[in-house]
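Chains, contacts and geometry: an overview
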Amino acid sequence: MLYGYKILVYCTSKLYEEKFYNFISSLNDELVAHNWRVMIFSTETDLYNDNPNNRGDAKFFDLINYDIADAFLLDEEKFYNEEAKSKIIEEAAKRKIPVFSLQGHRENTYNLDFDLHKGFYKVVNHIINQHGIRDVHFFAGTKGSWQSQDREDVFKQVLKENDIPFDESMISYGDWWYEPSEKITQQLIDQGRIPRAIICANDAMAIAVTTVLQKNGIRCPEDVIVSGFDGIETIFFTTPKITSAVCNFQYLGIETANFITEVDSIHSKPCTKHVETSLIISESCGCQPVKPANTTGYINALYNHLDIYRNNNRDLNNLAVSIALCTSIEEVMKVLKSPWLYNVNFLVKTECLDEKLNPDISLTESTYGTTMFLLLDSDADQEPDNRYIQTEDFIPRMETYLKDYKKPLIFAPVNHKETPIGYLMYCFPTYNIRNYTTIHQTATWLAIGIAGFRSRQYIKNLNAEITELKSYDSLTGLCTRHEFLKIYADMKHDSKIKTISMVVCEMDDLKYINETYSFNDGDYVLRTAAKVLSTTFENGYYCRYNGDELVALYPYIANRDYFQKKVDQNLEPINDLSKNPYR
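So, here's what we can say about the structure.

**Some thoughts on the state of the cysteines**
This structure, assessed with the given rule, holds 0 disulfides. Lacking any disulfide linkage, Cys-427 is separated from the closest cysteine sulfur, that of Cys-11, by 18 Å.

**With respect to helix H4 (residues 116–130)**
Here H4 is 15 residues long and its end C-alpha atoms lie 20 Å apart, about the 21 Å a rise of 1.5 Å per residue gives. Residues Leu-116, Gly-119, Phe-120, Val-123, Val-124, His-126, Ile-127 and Ile-128 constitute the buried set of H4. Directly after H4, the chain includes Gly-132, whose backbone phi takes a positive value near 65 degrees.

**Notes on the side chain of Thr-438**
Examined against the element boundaries, Thr-438 turns out to sit in helix H12 (residues 433–471). Thr-438 gets classed as buried once you look at its relative accessible area, which sits at 11%.

**Here's the deal with the packing of helix H9 (residues 296–324) against H12**
At their nearest, the axes of H9 and H12 sit 8 Å apart, and the two run at 20 degrees to each other. By the angle class used here, H9 and H12 are roughly parallel. With respect to the hand of their crossing, H9 and H12 are arranged in right-handed fashion. Mapping the contact onto sequence places Asn-304, His-305, Ile-308, Tyr-309, Asn-312, Asn-313, Leu-316, Asn-317, Leu-319, Ala-320, Ile-323 and Ala-324 in H9 and Arg-434, Thr-437, Thr-438, Gln-441, Thr-442, Trp-445, Leu-446, Gly-449, Ile-450, Gly-452, Phe-453 and Arg-456 in H12. Class assignment for the residues of the contact of H9 with H12 results in 11 nonpolar, 11 polar and 2 charged.

**What about the nonpolar core?**
In terms of nonpolar packing, the biggest core is built from 103 residues, with Leu-8, Phe-23, Phe-155, Leu-336, Phe-346 and Leu-375 touching the most fellow members. The biggest single contributor to this core is H12, with 8 residues. Once residues lying within four places of it in the same chain are set aside, the contact partners of Phe-155 are Val-124, Val-136, Phe-138, Phe-166, Met-170, Ile-171 and Ile-199. Leu-2, Val-9, Ile-68 and Leu-347 belong to the second largest nonpolar core, which has 40 residues in total.

**Digging into the environment of Gln-569**
Locating Gln-569 in the fold gives a position in helix H16 (residues 560–578). For the pair Gln-569 and Pro-555, spaced 14 residues apart in sequence, the C-alpha separation works out to 23 Å.

**Some points on the sheet that holds strand S18 (residues 501–506)**
Spatially, 3 strands are ordered S18-S20-S19 in an open sheet, and the strand pairing comes out antiparallel. In this open sheet, the two strands that pair with only one neighbour each are S18 and strand S19 (541–544). The mean angle between the axes of side-by-side strands here comes to 15 degrees, regardless of whether they run parallel or antiparallel. Pairing geometry for S19 and strand S20 (residues 549–554), over 4 bridges, is antiparallel. Looking at S20, one finds that Arg-544 is bridged to Leu-550.

**Looking at H12**
With 39 residues, H12 should cover 57 Å at 1.5 Å per step; its first-to-last C-alpha distance of 58 Å lies within 8% of that length. Its maximal kink placed at Ile-439, H12 deviates by approximately 30 degrees. A side-chain oxygen of the first residue of H12 lies 2.9 Å from the backbone nitrogen of Arg-434; this N-cap is Asn-432.

**What about the side chain of Arg-387?**
Mapped onto the elements of the fold, Arg-387 is located in the loop between strand S14 (371–377) and strand S15 (388–390). For Arg-387, a relative accessible area of 15% corresponds to the buried category. A polar side-chain atom of Arg-387 sits 2.2 Å from a polar atom in the side chain of Glu-383.

**So, the packing of H4 against helix H5 (residues 146–161)**
H5 packs onto H4 with a crossing angle of 40 degrees between their chain directions and a minimal axis gap of 9 Å. The angle between H4 and H5 falls in the class oblique. Considering only the axes of H4 and H5, their crossing is right-handed. Across the interface between the two elements, Leu-116, His-117, Phe-120, Tyr-121, Val-124, Asn-125 and Ile-128 from H4 touch Asp-150, Arg-151, Val-154, Phe-155, Gln-157, Val-158, Leu-159 and Glu-161 from H5. Residue composition of the contact of H4 with H5, grouped by class: 9 nonpolar, 3 polar and 3 charged.

**Examining unusual backbone geometry**
Here the bond from Cys-220 into Pro-221 is cis, since omega is 20 degrees, no more than 30 degrees from zero. If you trace the backbone, Pro-221 turns up in the loop between helix H7 (203–215) and strand S9 (225–227). Looking along the chain, the bond that leaves Thr-239 and enters Pro-240 is cis, with omega of -5 degrees. Its location among the elements puts Pro-240 in the loop between S9 and strand S10 (244–246). With a phi close to 65 degrees, Leu-47 is a non-glycine residue in the positive phi region. Phi at Lys-96 takes a positive value of approximately 60 degrees, unusual for a residue other than glycine. Structurally, the position occupied by Lys-96 is in the loop between helix H3 (82–94) and strand S4 (99–102).

Analysis parameters
- Residues numbered from 1 in each chain as written.
- Predicted model: local features only at pLDDT ≥ 70, side-chain atom pairs only at ≥ 80, totals over all residues.
- Heavy atoms only, no water.
- Disulfide = S-S within 2.5 Å.
- Helix = DSSP H or I, 4+ residues; strand = E, 2+ residues; numbered from the N terminus.
- Expected span 1.5 Å × (residues − 1).
- Buried < 20%, exposed > 50% of the residue type's maximum accessible area, 1.4 Å probe, protein only.
- Axes fitted to C-alpha atoms, helices over the stretch in contact; angles between N-to-C directions.
- Parallel < 35°, antiparallel > 145°, perpendicular 65-115°, else oblique.
- Left-handed = near helix turned anticlockwise from the far one by under 90°.
- Contact = heavy atoms within 4.5 Å.
- Nonpolar A, V, L, I, M, F, W, Y, C, P; charged D, E, K, R; others polar.
- Core = buried A, V, L, I, M, F, W, Y, C linked by side-chain atoms within 4.5 Å.
- Pairing = 2+ DSSP bridges.
- Bend = angle between axes of the 7 residues up to and from the residue.
- Polar contact = N/O pair within 3.5 Å; in protein donor to acceptor, adjacent residues only side chain to side chain.

Next comes the structure, spelled out in structure tokens:
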């Protein structure tokens, strides 16, 4: 609980998908009515593949503060990194925090899902029973996945109920996607194995099948009936429109919220709750006459959305370049006050402020460390007095967001390669899918900008160190021969300097001291001589010219005897105090 509100931590990805946008809005509104608040931790991808970007995003969930969470919601269909999920479940169990698995099946969590088994049964039964089809082929998903196996089992069950013999040639695996399904459909056509009906485990494969059939002059549904499953928006704009089953995500959001509040009040044991799916009877099975879809509005919306995305990409690209070219963190903060960044907090790890630290290296013991630095709070009325925030607190003004905004707090990672360097927190005052679409797009460009800024700062610092190493002797602190000769050349060409004196001091018996006593003693002699030489007279330039030679330049006439006398005077007390056997 935080500031009197119960907190749901929702772990997911790809917020730009419209069906999940509907889910989030209904989930949040229902929970807010019961004094809950929702924190969404979202990555750009579902973390299915192992690559540097996904490895960095998987670490993002280390940001979660378990001490304020009252429930967790794991979106199994959009969050595939099992290691990260297992850690969340384990840490929640230690604190007796309930974990809800959305569209998943776990023994130790509260599971909530569409009744996909029953929903797919409705589709298969409709094709076989309502249309009397016996010559049928099934496009399964990925072989071995439980979702695909479940729909394969339904297919076999309906065949058995209708006394239709089954053999393995009746199943193909389209891997849930267009290209594999298109290839398999063409193979069936080339082999002369066109069935009367093709039942697909999802809508994407059904669309691919109808496309290939029509390219080969095979009519749908007149020659081949096709069905899908999922109810994605695209099936309402294909020709023909696809018979499928719809999953109402807005209703799922309400049911999820009710499930969470119910478990919170009665503390029931982990169980599974199902939400019904609805059969969509459409054109691809022949139940409705095929009519061209009125796609004008849909296409216009897509083009408008794409145009906005392109414009955002251009503007955010320019912003990233401006950030990369900044010369200080203060300048970065000024650049971030951009019209393209709104309703957002941007925080980075404090080590990002260290221009001497290689951006490819992180020194924090934990993923984000204990302290973050606030680069931007776009909605703050005034600049904060303190920009350093405890990582466990996430953002400044948290109480205000929870009390006044009543909308989800959406956290998104900002990474440099595989290393998390910060995060964004969005809180939009209204539900707008365009805003949700820009979240990870913005995070990506800000990561590029900050990485560019840090790299330039680091290179600048390295160049300064290289220049110092090239210009100054590390033992004595005097100029190197290279730097000394540059100074000498500049003095010779300076019209204001009429006279130059050069004093050469050779260290007697340095080789003897090194060999008889130690090299440390030899270093001590050199450092002492260099200090005395450089502090005896003003306005001089001093150099370790060779191993045992020190040289001084003065823009005036230096008296040799006077110089020797002053150096001897300054060395005498040092020799007396050191009590070394050499002087």
